Amino acid sequence: MTKWGPGAHGTTYGGNPVACAASLETIKLLEGGLMANAKTRGDELLAGLRAIQARFPSVIKDVRGIGLMIGVEFDSHEHAAGAEWASFQRGLLVLEAGQTVVRMSPPLVITADEVAVGLELFGEAVAEVAAQ
């Protein structure tokens, strides 16, 4: 920063030393195991969500994703919105994406135990919606 004079940095989204340093540290974390964790935990989530889909095939039409960005497609907007709300009531935060998809994107540091709890809560939420 000592080389930049007053007014040299005049953009909100332009590069700056702090943002560059943060980016380099983020890359170190990702390469240090977070990407591998995302793949492993994502595979666990997809398998668990597909098991929930197998229990409720008339309500859940598709489960798809990569890593920890996962979408669960429901047969209707009402069921997707209902699953989102029923999940929230159980302490699980998911978000609708479009009209019929519920998106899950947990943090890269999620553990296997947290995945198991999330799947249990989401399964309960889907069961509640399917029973209505």
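Residues numbered from 1 in each chain as written. Predicted model: local features only at pLDDT ≥ 70, side-chain atom pairs only at ≥ 80, totals over all residues. Heavy atoms only, no water.

Student: Provide a residue-level description of the pairing of strand S1 (residues 60-66), including the pertinent values.
Tutor: Where S1 and strand S2 (residues 69-74) come together, six bridges link them in antiparallel fashion. Opposite Ile60, over in S2, you have Phe74 as the bridge partner. (Pairing = 2+ DSSP bridges. Helix = DSSP H or I, 4+ residues; strand = E, 2+ residues; numbered from the N terminus.)

Student: An account of the sheet that holds S2 is needed here, citing residue identities and associated values.
Tutor: With antiparallel pairing, four strands are arranged side by side in an open sheet as S1-S2-S4-S3. In this open sheet, the two strands that pair with only one neighbour each are S1 and strand S3 (95-97). Put simply, the sheet's adjacent strands are angled 30° from each other on average, direction ignored. Bridge count between S2 and strand S4 (residues 101-104): four bridges; the pairing is antiparallel. The residue of S4 that forms the bridge with Glu73 is Val101. Running at roughly 175° to S1, helix H1 (residues 17-55) makes contact with S1, S2 and S4 of the sheet. Most of the contacts of helix H3 (residues 112-131) go to S2, to which it runs at about 15°, and overall it touches S1, S2 and S4. (Axes fitted to C-alpha atoms, helices over the stretch in contact; angles between N-to-C directions. Contact = heavy atoms within 4.5 Å.)

Student: I'd like a rundown of H3, residues and numbers included.
Tutor: Helix length check: H3 (20 residues) gives 29 Å between terminal C-alpha atoms against 28 Å at 1.5 Å per residue, within 8%. If you check which residues of H3 are buried, you get Val115, Gly118, Leu119, Leu121, Phe122, Gly123, Ala125, Val126 and Val129. Structurally, H3 contributes buried residues whose contacts are with H1, S1, S2, helix H2 (77-89) and S4. (Expected span 1.5 Å × (residues − 1). Buried < 20%, exposed > 50% of the residue type's maximum accessible area, 1.4 Å probe, protein only.)

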